[in-house]
Amino acid sequence: MAKPKTKHEALTFWENHSPVMDAFPLAFPNGALMQEFHGECFRCESRIPVIEFRGTVTQPIPTVITIEAIGLCRECMLLTPFLARIRDDFSLEYIENTTRQWVSVRPAPPTLWQRAVQCLHRTLRG
């Protein structure tokens with residue numbers, strides 16, 4: 001999805017797509033699960049509720065999930081575009097809205113408890 005050029009294009013995209021939360025949780029072949037997606041309003045920087053993200057969730061390769069969405073901030077009535085790639089190690093790449101540059105974020109290493117839960121989940125999934 002290219003950044004919408006007009007407010008009308010953004011609103012049309014938002015109206016014609018289903019909530020991205022319908023695709024969650026997102027599962028990777030290594031057993032990793034992504035439970036939810038968060039984003040902030042471009043104008044007021046408040047968190048946009050997950051129900052207000054509309055767009056597509058695709059998995060171009062087994063280790064990467066792409067989210068192309070527009071989030072609606074009801075506080076300031078602004079539509080904010082999001083383009084993000086999530087990898088199975090939960091690293092994240094997204095396009096920053098002001099610079100239009102890709103930004104990479106690495107997660108903190110999982111805790112012992114998180115690793116145990118992931119191991120149990122992989123065992124139960126077979």
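Up top is the structure these notes are about.
So, here is what we can say about the structure in this document.

Cut-off values and rules
Residues numbered from 1 in each chain as written. Predicted model: local features only at pLDDT ≥ 70, side-chain atom pairs only at ≥ 80, totals over all residues. Heavy atoms only, no water. Helix = DSSP H or I, 4+ residues; strand = E, 2+ residues; numbered from the N terminus. Buried < 20%, exposed > 50% of the residue type's maximum accessible area, 1.4 Å probe, protein only. Contact = heavy atoms within 4.5 Å. Areas by Shrake-Rupley, 256 points an atom, 1.4 Å probe, with all protein chains shown as cover. Lys, Arg positive; Asp, Glu negative; His and termini not counted. Charge placed at Lys NZ, Arg CZ, Asp CG, Glu CD. Phe/Tyr/Trp six-rings, centres within 6.5 Å; stacked < 30°, edge-to-face > 60°. Lys NZ or Arg CZ within 6 Å of the ring centre and 35° of its normal. Salt bridge = Lys/Arg side-chain N within 4 Å of Asp/Glu carboxyl O.

**Quick word on the overall build of the protein**
Assigned secondary structure in the protein consists of two helices and nine strands. The N-to-C order of helical and strand elements in the protein reads α-β-β-β-β-β-β-β-β-β-α. Taken along the three principal axes of its C-alpha coordinates, the protein extends 50 × 25 × 25 Å. In the protein, buried positions account for 34% of the 126 residues. When contacts within the protein are restricted to residue pairs at least 6 apart in sequence, those whose partners lie at least 24 apart make up 47%. Of the roughly 8100 Å² of accessible surface on the protein, a fraction of 57% belongs to carbon and sulfur atoms. Positive and negative side-chain charges in the protein, numbering 14 and 13 respectively, have mean positions lying 3 Å apart.

**Details of the packing of aromatic side chains**
A full pass over the atoms with the stated rule returns two aromatic pairs. Between F28 and F90, the ring centres sit 6.5 Å apart and the planes meet at 90°, which makes this aromatic pair edge-to-face. Of this pair, F28 sits in the loop between strand 1 (26–27) and strand 2 (33–34) while F90 sits in the loop between strand 7 (78–87) and strand 8 (92–95), placing them 62 residues apart in sequence. Centre to centre, the rings of F53 and F82 are 5.0 Å apart; their planes meet at 70°, and the pair counts as edge-to-face. Taken as a pair, F53 in strand 5 (residues 53–61) and F82 in strand 7 lie far apart in primary sequence, 29 residues in all. Here F53 matches F82 in class, with each residue buried. In this structure, R54 packs its charged tip against the face of W14, placed 4.0 Å from the ring centre. Across from the ring centre of W102, 4.0 Å away, lies the NZ or CZ of R85, which sits over that ring.

**Some thoughts on the pattern of salt bridges**
Note that side chains of opposite charge can pair when their charged atoms are close. Under the criterion given, the structure shown has four salt bridges. R106 is paired through a salt bridge with D89; the nearest N and O atoms lie 3.4 Å apart. With a gap of 17 residues between them, R106 in the loop between strand 9 (102–105) and helix 2 (112–125) and D89 in the loop between strand 7 and strand 8 connect regions that are remote in the sequence. For R106, a relative accessible area of 62% gives the class exposed. Several salt bridges share partner residues, and in doing so they unite R85, R87 and E93 into one network.

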